[in-house]
Amino acid sequence: MSETVRISIDAKEYATEKGRTILEAARDNGVYIPTLCYFDGIAPTGTCRVCTVNVNGRPMAACTTPVAEGMTIENDTPELNEMRKTIIELLFVEGNHFCPSCEKSGTCDLQALAYRFKLMAPRFEYEFSQRDLDATPPKLIIERNRCILCKRCVKAIFADDGKALFAVSNRGNRAMINIDDKLAKTMSDELAEKAMNICPVGAIIKKGKGFSTPIGKRKYDTKPIGIENQVSS
Ligand code: FES
């Protein structure tokens, strides 16, 4: 039988199971913690830090930190939300995100979080990074201008023999996502669509699929991100 652990989030007590992460425990209890690189069913990488909470006074990633008895967690505070907003803003100025012309507009987690955190005029200078687009895979377009290096695709998209199709090459501001040319040629339509859907932004687009759901009927067009398990705003 699983062991019960008691934690508090924003001064409210919750019971959860030993072994759950803070993020999972929060979601189980209807508490929204914003995420960007996390995807249900994929081992968390903890790369974006949008889910940062204060654990017993120290900042930790909720998606990678397991719960422990008596943990005191702060989540919905002005300071944490300001820090999350800053991360989102930095991602916007680091890449080249032109939402109105992006196929993922309305289903993009980055865009949805920008609305949630009320991003207005940029506080930071745009980098206007030069990043190549790769349209050579038969079923996909890899639009690196929009990539936030969350590594969801690296962790979730595999060929039949278990080889990863995606990988990150280089480091720092030269880091970029790549697809294995040979494996890309063997991709099924289903796998290509899975890759597109697992990408939180518009960096992986299945050819011919970008606009199959009309604008206005997309995931976040009618329901803002986080609304389903939001306890406060
Ligand atoms: Fe936790 Fe990205 S969602 S670090």
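The following paragraphs examine the structure supplied in this document. (Residues numbered from 1 in each chain as written. Predicted model: local features only at pLDDT ≥ 70, side-chain atom pairs only at ≥ 80, totals over all residues. Heavy atoms only, no water.)

With that settled, consider the pairing of strand E2 (residues 12-17). With six bridges connecting them, strand E1 (residues 4-9) and E2 associate as antiparallel partners. Residue Thr 4 lies in a different strand from E2, and its bridge partner there is Glu 17. Hairpin connection between E1 and E2: a loop of two residues separates the two successive antiparallel strands, and Asp 10 in this loop has a positive phi of roughly 50 degrees. (Pairing = 2+ DSSP bridges. Helix = DSSP H or I, 4+ residues; strand = E, 2+ residues; numbered from the N terminus.)

Bringing the nonpolar core into the picture now. With 42 residues, the main nonpolar core has Ile 157, Phe 166 and Met 187 as its most contacted residues. Looking at this core, the elements with two or more residues in it are helix H2 (78-94), helix H3 (109-116), strand E7 (140-143), helix H4 (152-156), strand E9 (176-179), helix H5 (181-185) and helix H6 (189-198). Contacts of Met 187, omitting those with residues within four sequence positions, involve Lys 139, Leu 140, Ile 157, Leu 165, Phe 166, Ile 179, Ala 192 and Ala 195. (Core = buried A, V, L, I, M, F, W, Y, C linked by side-chain atoms within 4.5 Å. Buried < 20%, exposed > 50% of the residue type's maximum accessible area, 1.4 Å probe, protein only. Contact = heavy atoms within 4.5 Å.)

Another aspect to go through is the sheet that holds strand E4 (residues 58-61). Strands belonging to one sheet form pairs held by backbone hydrogen bonds; the direction of such a pair is parallel or antiparallel. Pairing is mixed across the open sheet formed by five strands, whose spatial order is E2-E1-E5-E3-E4. For this open sheet the edge positions go to E2 and E4, each flanked by a neighbour on one side alone. Going across the sheet, the axis of each strand differs from the next one's by a mean of 40 degrees, ignoring polarity. As paired elements, E1 and strand E5 (residues 71-74) share three bridges and run parallel to each other. Paired with Ile 9 across the two strands is Ile 73, which belongs to E5. Packing of H2 onto the sheet brings it into contact with strand E3 (52-55) and E5, and relative to E3 it is tilted by some 150 degrees. (Axes fitted to C-alpha atoms, helices over the stretch in contact; angles between N-to-C directions.)

With that settled, the discussion passes to the packing of H2 against H3. Where H2 contacts H3, the axes come no closer than 10 Å and their chain directions differ by 130 degrees. It follows from the interaxial angle that H2 and H3 lie oblique. Crossing of H2 against H3: the hand is left-handed. Note on element contacts: H3 touches H2 through Leu 110, Gln 111, Leu 113 and Ala 114, opposite Ile 88, Leu 91 and Phe 92. Grouping the constituent residues of the contact of H2 with H3 by class yields six nonpolar, one polar and no charged. (Parallel < 35°, antiparallel > 145°, perpendicular 65-115°, else oblique. Left-handed = near helix turned anticlockwise from the far one by under 90°. Nonpolar A, V, L, I, M, F, W, Y, C, P; charged D, E, K, R; others polar.)

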